[in-house]
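# Understanding the architecture of this molecule
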Amino acid sequence: MSSKDVILGRIGRALGPVPDELYEAAVDRDYAREHGERTTEQTVDLLAENLADYRAIVHRTGEDELPDLLMRLLAYRGARNVLVPPALPPGWLAAADPVRIHDRAASTTAELDRADSVVTGCAIAIAETGTLVLDGSPDQGRRRITLVPDHHICVVRVPDQVVSSVPQALERLDPGRPLTWISGPSATSDIELDRVEGVHGPRTLEVVLVTGSPEESP
């Protein structure tokens, strides 16, 4: 038995059995599911505003223009090697010609670090917090491919993948999946409040808000 088990056992014996219904009654669940009422367009605008406030670079485009936009973003970065998840829609990089580094379990950190950029989809984008949530789906890949490269391009489908609030996001997310919550590029501050970016993940986060049907993609 570990020290943790001993301590929890003592706490349990001191408190005695607590019925589940008593706990549920003690927690007020009547909280707001979103702050204010917004149209779909206003929700997307709020997402873009909060993403930019977190120093993410936000782009808007249609489905047909997405391949050309991704080509320009990668070219501007000088990205020659791009990490791609296993089921990234093939049309997204149709206009670009980088060397694709595929997400494999056997890939080492050094191999991932050689990638100039990573391009992924997302699971949900939360407008009120400017947060992107990745859940490891095939168009997003393993968590580590979005943490090692210095440049991450995340494509968000509008409005299907945009919600107003965290409670609304939680209703659509699977808690059994590996969830990565991203609010802007990686950043930290020391005791002098000097901001340093790129410590725990990408230094540059670009978010593409794309409208249109996936079936229309090339």
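This text follows the structure it describes.
These lines cover the structure that appears in this document, whether it is placed above or below. (Residues numbered from 1 in each chain as written. Predicted model: local features only at pLDDT ≥ 70, side-chain atom pairs only at ≥ 80, totals over all residues. Heavy atoms only, no water.)

### A short note on the overall build of the protein chain
- Summing up its helical and strand segments, the protein chain has 6 helices and 12 strands in all.
- Split into buried and exposed, the 218 residues of the protein chain put 40% on the buried side.
- In the protein chain, 73% of the contacts between residues at least 6 apart in sequence involve partners at least 24 apart.
- Just so you have it, the protein chain exposes about 12500 Å², and 52% of that area is on carbon and sulfur atoms. (Helix = DSSP H or I, 4+ residues; strand = E, 2+ residues; numbered from the N terminus. Buried < 20%, exposed > 50% of the residue type's maximum accessible area, 1.4 Å probe, protein only. Contact = heavy atoms within 4.5 Å. Areas by Shrake-Rupley, 256 points an atom, 1.4 Å probe, with all protein chains shown as cover.)

### Concerning the sheet that holds strand E12 (residues 204-211)
- With respect to topology, 6 strands assemble into an open sheet ordered E1-E12-E7-E4-E2-E3, the strand pairing being parallel. The open sheet has two edge strands, strand E1 (57-62) and strand E3 (99-102), and neither has a second partner. For this sheet, the mean angle separating the axes of adjacent strands, direction not counted, is 25 degrees.
- Bridge count between strand E7 (residues 151-158) and E12: 8 bridges; the pairing is parallel. Each bridged residue has a counterpart across the sheet, and for Arg-157 the counterpart in E12 is Val-210.
- Set on the sheet, helix H3 (residues 40-53) makes contact with E1, E7 and E12; between it and E1 the angle comes to about 145 degrees.
- Relative to E12, helix H4 (residues 66-77) is tilted by about 170 degrees, and along the sheet it contacts E1, strand E2 (81-84), strand E4 (117-120), E7 and E12. (Pairing = 2+ DSSP bridges. Axes fitted to C-alpha atoms, helices over the stretch in contact; angles between N-to-C directions.)

### Looking at the sheet that holds strand E6 (residues 131-134)
- Read from one edge of the open sheet, 4 strands run E8-E5-E6-E9, paired in mixed fashion. Each having just a single partner strand, strand E8 (162-163) and strand E9 (180-182) make up the two edges of the open sheet.

### Notes on H3
- Across its 14 residues, H3 extends 20 Å between first and last C-alpha, which sits within 8% of the 20 Å expected from 1.5 Å per residue.
- All of the buried residues along H3 are Thr-43, Val-44, Leu-46, Leu-47, Ala-48, Asn-50 and Leu-51.
- Where H3 is buried, its residues contact E1, strand E5 (124-126), E6, E7, E8 and E12.
- The positive-phi residue at the C-terminal boundary of H3 is Arg-55, with phi of around 75 degrees. (Expected span 1.5 Å × (residues − 1).)

### Description of helix H1 (residues 3-15)
- For H1, spanning 13 residues, the distance from its first C-alpha to its last is 19 Å, which sits close to the expected 18 Å at 1.5 Å a residue.
- Gly-16 lies just past H1 and shows a positive phi near 80 degrees.

### A closer look at the environment of Asp-160
- Among the structural elements, Asp-160 can be located in the loop between E7 and E8.
- Taking the C-alpha atoms as reference points, Asp-160 and Ala-123, separated by 37 residues in sequence, lie 9.9 Å from one another.

### Some words on the nonpolar core
- With 19 residues, the main nonpolar core has Leu-47, Leu-132, Val-156, Val-207 and Leu-209 as its most contacted residues.
- Mapped onto this core, the elements with two or more residues apiece are H3, E6, E7 and E12.
- Element by element, the count of residues in this core is highest for H3, at 5 residues.
- Setting aside residues no more than four positions away along its own chain, Val-207 makes contact with Leu-51, Ala-56, Ile-57, Val-58, His-59, Leu-132, Cys-154 and Val-156.
- Listed in part, the 17 residues of the second largest apolar core include Leu-66, Leu-69, Leu-70 and Trp-92. (Core = buried A, V, L, I, M, F, W, Y, C linked by side-chain atoms within 4.5 Å.)

### Quick notes on a nonpolar patch on the surface
- Together, Ile-7, Leu-8, Ile-11 and Leu-15 line one region of the surface with nonpolar side chains, adding up to about 410 Å² of accessible area.
- The partly exposed category is assigned to Leu-8, whose relative accessible area is 49%. (Patch = residues over 30% accessible without salt bridge, like charges linked within 9 Å, V, L, I, M, F, W, Y side chains within 5 Å. Salt bridge = Lys/Arg side-chain N within 4 Å of Asp/Glu carboxyl O.)

### As for unusual backbone geometry
- Between Val-158 and the following residue, Pro-159, the backbone shows a cis peptide bond with an omega angle of 5 degrees.
- The topology assignment puts Pro-159 in the loop between E7 and E8.
- At Arg-55, a residue that is not glycine, the phi angle is positive and equals roughly 75 degrees.
- Counting through the fold element by element, Arg-55 comes out in the loop between H3 and E1.

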